[in-house]
Amino acid sequence: MQQDFHYYATYCAAYLAGFSHDECLDICYSAEFVDHCSKTLLVSIGAPTIAATTQLQLEMMDSRTDILGLQEITRIWSSFHFLPYDLYATKKWRPKRYMNKYRLICKPNGDLLKKTVELADGKSLQHFGIAMHVLADTWAHSYFAGTPSLVINNTENEFYELLSDESGNISEKKIRFKHNPSSSDDLENNIFNNCIYQGNESSIMNLGHGRAGHLPDYSFIKYRYIPAWDDYKETIKDNPSDYYNAFCQMVYALKYLKDGEGDFELSKYDYETVAPYEDRIKEILSKRQLIASKDWKNFGEELSGEKIKDFKREKYNDEYAYAHKIHKEDTFLGKFIEAAISQKSMVTNEIFLSKNYLAGLSKSVISKIG
Amino acid sequence: MFLLREFWNMPTDKKAQIRKYNNDIKICGIGIIILSIWSIIRFYLTVYFSDMTMADLFEFPEEITDFEVIFTIIFFWILMGIILLIHFYLGISAIKYSTGKKKKWGFFIVVFIFAFVDLLSIVSYFIPGKSNDIDTKLASILLDITSIYVGFDMIYAAIRVNMLRKKQRKE
């Protein structure tokens with residue numbers, strides 16, 4: 001997902017869940033910051049690089065693709081952007097090496113999502129924000145895995161956008177891809193950017209949804225394609241519906257985190273709270289545009305009656321960088337870093353416990369051995 | 001992807017099977033092209049790097065004239081070129097057939113003939129001859145087996161695609 005959903009839509013969801021304006025800003029900032037907290041940024045403020053929640057393109061270009069490099073990549077992307085759905089999935093006639101990657105496929109409402117939200121329970125707003133980022137991405141990034149893998153993340157070249165007219169008839173329009181990341185996607189002519197085919201199994205180009213370009217991150221698009229992992233079967237991705245479910249699930253999850261009562265249930269969505277705004281939200285989601293930040297921002301400001309400041313990546317950098325060592329963990333980024341390490345450790349630990357070594361060892365596992 | 005009306009009315013698993021077999025045809029088509037190029041390269045390397053000359057390979061009799069030698073060699077290379085082009089045609093036809101751009105299936109007969117002849121030629125490896133290099137023989141056998149497999153796999157995949165489509169039409 002993009003900033004429009006991670007920042008502004010998360011703000012709206014937090015407000016509907018009952019948080020105050022300032023709390024909403026902290027939550028949505030943290031949700032969006034997950035897409036910016038790279039090693040480069042952490043080094044620049046003197047923060048531990050283990051808390052990295054994303055990797056810049058330049059970092060990925062320099063990253064190793066030996067086992068240690070792949071583990072580092074998998075730790076980051078599986079923990080924050082492609083949360084695995086079922087670490088114990090089975091598939092006939094597949095070796096362990098394939099299954100390790102197959103089990104990292106992301107889908108919504110997996111057990112790890114429950115653990116992610118419950119891990120944030122009783123913690124800081126920053127932790128709530130991270131959990132919401134992870135939750136939202138399970139919807140957008142479904143059917144891709146957070147590890148470089150040709151056999152999982154590759155797709156056929158056949159992508160078709162499914163368009164429905166006012167009378168409900170569905171027509172198809174072929175999506176064409178180009179490989180020019182410096183130019184933006186052409187929505188009018190259905191020409192999108194994507195990663196070129198790379199025959200190397202562990203190439204960084206085969207990480208996540210690169211082969212589908214930005215299609216998973218556009219809320220308006222419904223399309224069908226053939227992923228490599230599904231044995232030539234077609235997958236239909238209905239982003240407007242998925243994004244709406246993601247929003248409603250965020251409202252439910254944030255209410256759970258605010259009240260702290262009971263258990264977080266999977267496949268539960270707070271449609272009731274969102275119902276008065278359903279048409280407005282669906283209008284934003286289905287509007288054909290590269291980014292819907294303006295619309296979400298307007299909606300959020302109407303909801304709260306307050307001004308939503310635009311996201312600024314460096315907003316809390318100085319606070320952390322100049323804080324005394326013993327006070328760093330009390331700063332905004334200090335809390336974010338603690339939450340990020342906690343989330344990464346939990347997911348890595350769960351992957352390791354499923355006898356999958358693609359994410360390496362987690363701190364909690366090492367400390368048990370020690 | 002060749003979008004027949006009947007294809008879109010098929011159950012999901014049948015569509016997946018057709019895609020799989022079409023993909024097999026396409027990959028086998030690419031395989032035929034690559035293996036034919038490799039055959040030419042292999043022959044060239046055999047002549048260029050071994051102690052044998054073209055004359056040794058063709059086992060010309062001593063009384064042969066220079067003109068006949070040159071003519072034979074040129075004719076041989078022209079023939080190799082024609083066979084290469086035929087393989088290219090077969091491979092490209094297979095790729096087009098798999099994507100629905102070609103409907104005629106006559107080229108599968110040629111594929112079958114080539115694969116069958118390759119199968120028969122395997123016997124020649126076990127006939128004692130002048131060359132007793134086991135490693136060279138083994139490499140050649142492996143490649144020929146691959147070539148045979150590619151040919152028959154393509155034909156099998158084409159038959160399966162047609163069977164699935166016929167079954168769908170009956171239903």
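Everything here concerns the structure above.
These figures come from a predicted structure and were not determined experimentally. Residue numbers restart at each chain and count upward from 1, following the sequence in its written direction. The lettering of chains begins at A and the numbering of ligands begins at 1, in the order of writing. Predicted model: local features are reported for residues with pLDDT of at least 70 only, side-chain atom pairs are reported and counted for 80 or more only, and whole-chain, interface and lining totals are derived from all residues. Only heavy atoms go into the side-chain values, all of them from the structure, while hydrogens and water stay out.

Caption draft 1: Up close: the overall build of chain A. On a plain count of helices and strands, chain A comes out with 16 helices and five strands. Our radius of gyration is a C-alpha quantity, and the globule rule it is checked against amounts to 2.2 Å times the number of residues to the power 0.38. The C-alpha atoms of chain A give 20 Å as radius of gyration, which agrees with the globular expectation for 370 residues (21 Å, within 12%). Seen through its C-alpha atoms, chain A measures out along the principal axes to roughly 60 × 50 × 40 Å. In this analysis, two residues are considered to be in contact whenever any of their non-hydrogen atoms come within 4.5 Å of each other. Put simply, of all contacts in chain A between residues at least 6 apart along the chain, 65% involve residues at least 24 apart. Per element, the accessible surface of chain A, about 16,400 Å² overall, is 51% carbon and sulfur. In this description a helix means any DSSP run of H or I spanning at least four residues, a strand means any run of E spanning at least two, and both kinds are numbered starting from the N terminus. Per-residue and other accessible areas follow the Shrake-Rupley method at a 1.4 Å probe size, with only the shown protein chains counted as cover for residues.

Caption draft 2: Structural context of the overall build of chain B. Along chain B, the regular secondary structure elements total six helices and zero strands. If you list the helices and strands of chain B from N to C, you get α-α-α-α-α-α. Relative to the 2.2 N^0.38 estimate, which gives 16 Å for 171 residues, the radius of gyration of chain B is 21 Å and therefore markedly larger than a compact globule would have. Across its three principal axes, chain B shows a C-alpha extent of roughly 70 × 35 × 25 Å.

Caption draft 3: How the structure looks around the side chain of Thr74 of chain A. Residues and elements named next belong to chain A. On the secondary structure map, Thr74 appears in helix H5 (residues 67-80). Classification of residues uses two cut-offs on accessible area relative to the type maximum, computed with a 1.4 Å probe and protein chains only: under 20% is buried, over 50% is exposed, and between them is partly exposed. Taking the relative accessible area as the measure of exposure, Thr74 reaches 0% and is therefore buried. Leaving out residues up to four positions away in the same chain, Thr74 has contacts with Ser79, Leu104, Gly146, Thr147, Pro148, Leu358 and Ala359.

Caption draft 4: Representation of the interface of chain B and chain A in the model. Tallying the contact residues gives seven residues for chain B and eight residues for chain A. For the pair chain B and chain A, the two sides together bury roughly 740 Å², of which 57% comes from carbon and sulfur. The salt bridge criterion pairs a side-chain nitrogen of Lys or Arg with a carboxyl oxygen of Asp or Glu, the two atoms within 4 Å. Counting every contact that joins chain B to chain A gives one salt bridge. For Arg19 of chain B, the salt bridge is made with Glu234 of chain A, and the minimal N-O distance between the two is 3.1 Å. Identification of polar contacts relies on pairs of N or O atoms within 3.5 Å, with a donor-acceptor requirement for protein atoms, meaning one able to donate a hydrogen and the other able to accept it, and with residues adjacent in sequence counted only if both atoms are side-chain atoms. Summed over the shared surface of chain B and chain A, the result is three residue pairs in polar contact (both at pLDDT 80 or more). No other element matches helix H2 (residues 12-49) of chain B, which puts four residues into the side of chain B that touches chain A. The residue classification treats Ala, Val, Leu, Ile, Met, Phe, Trp, Tyr, Cys and Pro as nonpolar and Asp, Glu, Lys and Arg as charged. All others, Gly included, are polar. Of the residues that constitute the side of chain B that touches chain A, the class distribution is four nonpolar, one polar and two charged. The quantity reported as buried area is the accessible area (1.4 Å probe) lost by two parts once they are put together, taken as the sum for both.

Caption draft 5: Expanded view of the packing of aromatic side chains. All names here are of chain A. For this analysis, a ring pair means two rings from Phe, Tyr or Trp (six-membered ring only for Trp) whose centres lie within 6.5 Å, classed as stacked if their planes differ by under 30 degrees, edge-to-face if by over 60, and tilted for the remaining angles. As enumerated under the stated definition, the model contains 42 aromatic pairs over all chains in all. A centroid spacing of 5.3 Å and a plane angle of 75° characterise the contact between Phe5 and Tyr243, whose relative ring orientation is edge-to-face. With a gap of 238 residues between them, Phe5 in helix H1 (residues 3-16) and Tyr243 in helix H10 (residues 239-259) connect regions that are remote in the sequence. The class for Phe5 is buried, based on a relative accessible area of 1%. Note on Tyr243: relative accessible area 1%, which makes it buried. With a centroid separation of 5.8 Å and 85° between ring planes, the pair formed by Phe5 and Trp296 is classed as edge-to-face. Taken together, the residues span a long stretch of sequence, with Phe5 in helix H1 and Trp296 in helix H13 (residues 293-304) at a distance of 291 residues.

Caption draft 6: Highlighting the environment of Asp135 of chain B. All names here are of chain B. Topologically, Asp135 is positioned in helix H6 (residues 134-170). When its relative accessible area of 57% is taken as the criterion, Asp135 is described as exposed. Between the alpha carbons of Asp135 and Asp118 there is a distance of 19 Å; along the sequence they are 17 residues apart.

Caption draft 7: Quick peek at the nonpolar core. One finds Phe5, Phe247, Leu254 and Trp296 of chain A to be the most contacted residues of the largest nonpolar core, which totals 108 residues. A total of twelve residues in this core trace back to one element, the largest contributor, which is H10 of chain A. Setting aside residues no more than four positions away along its own chain, Phe247 of chain A makes contact with Phe5, Ala9, Cys12, Ala13, Leu16, Val274, Ile281 and Trp296 of chain A. Counting 20 residues, the second largest nonpolar core, distinct from the first, contains Ile18, Ile25, Leu90 and Ala157 of chain B. The criterion is simple. A nonpolar core is a set of buried Ala, Val, Leu, Ile, Met, Phe, Trp, Tyr and Cys residues joined through side-chain atoms within 4.5 Å.

Caption draft 8: Fine view of the sheet that holds strand E3 (residues 191-193) of chain A. Residue and element names in this part refer to chain A. When DSSP finds two or more bridges between two strands, those strands count as paired. Taken in spatial order, the five strands make up an open sheet running E3-E2-E1-E4-E5, and their pairing is mixed. In this open sheet, the two edge strands, each paired with only one partner strand, are E3 and strand E5 (235-238). For this sheet, the mean angle separating the axes of adjacent strands, direction not counted, is 35°. The pairing of strand E1 (residues 159-164) with strand E2 (residues 170-178) spans six bridges and is classified as antiparallel. Considered in E2, the bridge of Leu163 is made with Ser171. Under this scheme, a helix contributes an axis fitted over its contacting stretch, all axes are lines through C-alpha atoms, and angles between N-to-C directions fall in the 0 to 180 degree range. Strands in contact with H10 are strand E4 (222-225) and E5; relative to E5, the strand with the most contacts, it is inclined by about 55°.

Caption draft 9: How the structure looks around unusual backbone geometry. Residue and element names in this part refer to chain A. Residues other than glycine seldom take positive phi values, yet Tyr143 does so here, at roughly 75°. Residue position: Tyr143 is located in the loop between helix H8 (125-140) and helix H9 (150-153). At Asp231, a residue that is not glycine, the phi angle is positive and equals roughly 55°. Looking at the secondary structure, you find Asp231 in the loop between E4 and E5.

Caption draft 10: Here's a closer look at the packing of helix H4 (residues 66-98) of chain B against helix H5 (residues 107-121) of chain B. Residues and elements named next belong to chain B. Where H4 contacts H5, the axes come no closer than 10 Å and their chain directions differ by 130°. With respect to H5, the axis of H4 lies oblique. Helix-helix and strand crossings are classified by hand; for H4 and H5 the assignment is left-handed. Contact residues: H4 offers Ile86, His87, Tyr89, Leu90, Ser93, Ala94 and Tyr97, while H5 offers Phe107, Phe108, Val110, Val111 and Phe114. Its residues assigned to classes, the contact of H4 with H5 comprises ten nonpolar, two polar and no charged. When an angle is under 35 degrees it counts as roughly parallel; over 145 it counts as roughly antiparallel; between 65 and 115 it counts as roughly perpendicular; any other value is oblique. Left-handed is the label given to a crossing in which the near helix is rotated counterclockwise from the far helix by less than a right angle, and right-handed is the label when the rotation is clockwise.

Caption draft 11: Highlighting the layout of surface pockets. Residues and elements named next belong to chain B. For each structure, a 1 Å grid was placed over the protein atoms alone; sets of points admitting a 1.4 Å probe that cannot get out are labelled cavities, open sets with protein on both sides within 12 Å along at least five of seven lines are labelled pockets, and lining residues have an atom within 4 Å of a point. Grid points are joined across faces, edges and corners, and a volume is the space filled by probe spheres set on the points. There is about 1,800 Å³ of room inside the largest pocket. For the lining of the largest pocket, the secondary structure elements donating two or more residues are H2, helix H3 (54-58), H4, H5 and H6. Top element by residues in the lining of the largest pocket is H2. It accounts for eleven residues. Considered class by class, the residues forming the lining of the largest pocket number 25 nonpolar, 13 polar and eight charged. Estimated volume of the second largest pocket: approximately 1,500 Å³.

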